[in-house]
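Below are the chains, spelled out letter by letter.
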Amino acid sequence: MDDNIYTKALEILKKNHITLLYDDIYPIKENGKFVRVKGQKFIVLKRTLNDKVNIILTILHECSHAINDDDLHVVNKLQLKHTEYFAECNKIKDYISLNATEYGAPTTNIPALMESMHIYETSYYKVFEKEVRKYYNSDGSPINEWEMD
């Protein structure tokens, strides 16, 4: 029974153009790992796996990643997050610049400034800090608007 399932698992690999490798050179911690290199799909199995059921389950699990292009989904998700982050950074810069034009140097109270924009993610704290710093001298006094570049 196990041999039949194992053979079917290998057929799935072949049908989907997935190469099966073992971790002889660089040992992996997991039982298996799906990797894509220059469009070629690989599943790397831990050489020390002795249980045929574990081998089959690992191959099937990693095949699901390969067939569903899970690695591409993660990359696309990261690219989207990256784009959203920079869009938010630009929004912060524009907001601070606009308010500085209207009201002068922005407050150095970064949490209050963040709250006024309804931005609560701490990852943007440094963006606010950097933008606000542009409106102050090294001694902490506001720069006159005619001195700004």
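Residues numbered from 1 in each chain as written. Predicted model: local features only at pLDDT ≥ 70, side-chain atom pairs only at ≥ 80, totals over all residues. Heavy atoms only, no water.

Asker: Report on the overall build of the protein, specifying residues and quantitative values.
Answerer: Scanning the protein from terminus to terminus reveals 5 helices and 3 strands. Taken over 149 residues, the protein has a buried fraction of 27%. Across the protein, the fraction of contacts at a sequence separation of at least 24, relative to all contacts at a separation of at least 6, is 49%. Looking at the protein as shown, the accessible area adds up to about 10800 Å², and 55% of this sits on carbon and sulfur atoms. (Helix = DSSP H or I, 4+ residues; strand = E, 2+ residues; numbered from the N terminus. Buried < 20%, exposed > 50% of the residue type's maximum accessible area, 1.4 Å probe, protein only. Contact = heavy atoms within 4.5 Å. Areas by Shrake-Rupley, 256 points an atom, 1.4 Å probe, with all protein chains shown as cover.)

Asker: Explain the environment of Asn16 to me, and be specific about the residues and the numbers.
Answerer: You can see Asn16 is positioned in the loop between helix H1 (2-15) and strand E1 (18-22). Those residues in contact with Asn16 that sit more than four places away from it in its chain are Lys41 and Ile67.

Asker: Any chance you could break down the packing of aromatic side chains for me, citing the residues and the numbers?
Answerer: Under the criterion given, the structure shown has 2 aromatic pairs. With centroids separated by 5.0 Å and ring planes inclined at 15°, the aromatic side chains of Tyr85 and Tyr124 adopt a geometry described as stacked. In this pair, Tyr85 is assigned in helix H3 (residues 70-103) and Tyr124 in the loop between helix H4 (110-116) and helix H5 (125-133), connecting sequence segments 39 residues apart. Here Tyr85 falls in the partly exposed class, since its relative accessible area comes to 27%. These aromatic residues form a ring-pair network of at least three members: Tyr85, Phe86 and Tyr124. Here the guanidinium or amino end of Arg47 rests over the ring plane of Tyr22, the centre of that ring lying 4.1 Å away. The ring centre of Tyr6 lies 5.2 Å from the NZ or CZ of Lys52, which sits over that ring. (Phe/Tyr/Trp six-rings, centres within 6.5 Å; stacked < 30°, edge-to-face > 60°. Lys NZ or Arg CZ within 6 Å of the ring centre and 35° of its normal.)

Asker: Please set out unusual backbone geometry residue by residue, giving values where relevant.
Answerer: Of note in this structure, His17 is not a glycine but carries a positive phi near 55°. For His17, the location among the structural elements is in the loop between H1 and E1. Look at His17 and you get exposed, because its relative accessible area is 63%. We note that Lys38 has phi near 50°; this positive angle belongs to a residue other than glycine. Secondary-structure assignment places Lys38 in the loop between strand E2 (32-37) and strand E3 (40-45). Residue classification places Lys38 among the exposed positions, given a relative accessible area of 86%.

Asker: Outline the pairing of E2, listing residues and values.
Answerer: One ladder, built from 6 bridges, connects E2 with E3; its direction is antiparallel. By the bridge assignment for E3, Arg36 is matched with Lys41. (Pairing = 2+ DSSP bridges.)

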